Amino acid sequence: MNNLKYILIILLILFLSCGKEEVKYNIPDAPVSFVINTNALDTHLAGGGNVSIYVRSKDKAAYEKLLTGVTVAKAYMAERSQTSFVGYSGLLVINTGSMLGSTPFAAFDLCCPYEAQENIRVVPTNDGKAQCPQCKSTFTILNGTGGAISGPAQKEAKNMKPYSIERQGEYQFRIFY
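The present account deals with the structure reproduced in this document.

Conventions adopted
- Residues numbered from 1 in each chain as written.
- Predicted model: local features only at pLDDT ≥ 70, side-chain atom pairs only at ≥ 80, totals over all residues.
- Heavy atoms only, no water.
- Buried < 20%, exposed > 50% of the residue type's maximum accessible area, 1.4 Å probe, protein only.
- Helix = DSSP H or I, 4+ residues; strand = E, 2+ residues; numbered from the N terminus.
- Arc of directions from axis to C-beta.
- Contact = heavy atoms within 4.5 Å.
- Pairing = 2+ DSSP bridges.
- Axes fitted to C-alpha atoms, helices over the stretch in contact; angles between N-to-C directions.
- Polar contact = N/O pair within 3.5 Å; in protein donor to acceptor, adjacent residues only side chain to side chain.

1. Brief notes about helix α2 (residues 57–66)
(1) Moving on: For α2, every residue scored as buried is listed here: D59, K60 and Y63. End-on, the buried residues of α2 take up no more than an arc of 115°, which puts them together on one face. Exposed residues on α2 whose side chains face more than 90 degrees from its buried face are K58, A61, A62 and K65.
(2) Moving on: Elements in contact with the buried residues of α2: β2 (51–55), β3 (73–77) and β7 (123–124).

See the structure below:
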């Protein structure tokens, strides 16, 4: 009887100690520290549903070609200061229009989580989503989750890699990892 009680206690402890595991992303970690200012350089982000893309200057022209027909997005060079870092493939920042959190923005790495290659970047659409031009996976970004909703990324439950955002002033926000 005592043995059964000890076994039950051990099982209960094991059960309670097993919490929800932290989500792992297959996109390599890279430094992220970037400041946006919706009253200066980033006024485009002041409107709900608008998207700003921050890529290294060497990648900007090629990425802008992918934005043909996308009216809600603008691409910018990421090199603003020596302390500006935009992750593995660049940053996608969207104004979700929601003030439920401390900021109305959501930020993600541009890298397609299914492809996981630095040069394969998702492209925002005019309907609050982003799509990979390579594998055609689609992700929802307007709700701030970056969740895969179709394509091989959905089948493998690979969501866009999110970054944290904190308010630093009335119009200034820092994106970090």
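From this point, the discussion proceeds with the structure in view.
2. Topic: the sheet that holds strand β11 (residues 162–167)
(1) Moving on: Overall, mixed pairing links the eight strands, which are arranged β3-β2-β5-β6-β11-β12-β1-β4 in an open sheet. The sheet is open, and its two borders are formed by β3 and β4 (85–86), each paired with just one other strand.
(2) Moving on: Pairing geometry for β2 and β3, over five bridges, is parallel. Of the residues in β3, the one forming a bridge with I53 is A75.
(3) Moving on: Contacts between α2 and the sheet are confined to β2 and β3, with β3 contributing the most and set at about 160° to the helix.

3. Observations regarding the environment of S84
(1) Moving on: Mapped onto the secondary structure, S84 falls in the loop between β3 and β4.
(2) Moving on: We classify S84 as buried; its relative accessible area is 18%.
(3) Moving on: Along the backbone, S84 and V35 are 49 residues apart, and their C-alpha atoms lie at a distance of 7.6 Å.
(4) Moving on: Non-local contacts of S84, meaning those with residues more than four positions away in its chain, are made with S33, F34 and A78.
(5) Moving on: For S84, the side chain forms a polar contact with the side chain of S81, separated by 3.2 Å.

4. Thoughts on the environment of R167
(1) Moving on: Counting through the fold element by element, R167 comes out in strand β11.
(2) Moving on: Taking the C-alpha atoms as reference points, R167 and S102, 65 residues apart in sequence, are found 7.0 Å from one another.
(3) Moving on: Not counting residues within four places of it along the chain, the set of residues in contact with R167 comprises M99, S102, P104, Q172 and F173.
(4) Moving on: Within polar-contact distance, the side chain of R167 engages the backbone oxygen of S102 at 3.4 Å.
(5) Moving on: At 3.1 Å, the side chain of R167 and the backbone oxygen of E170 are in polar contact.

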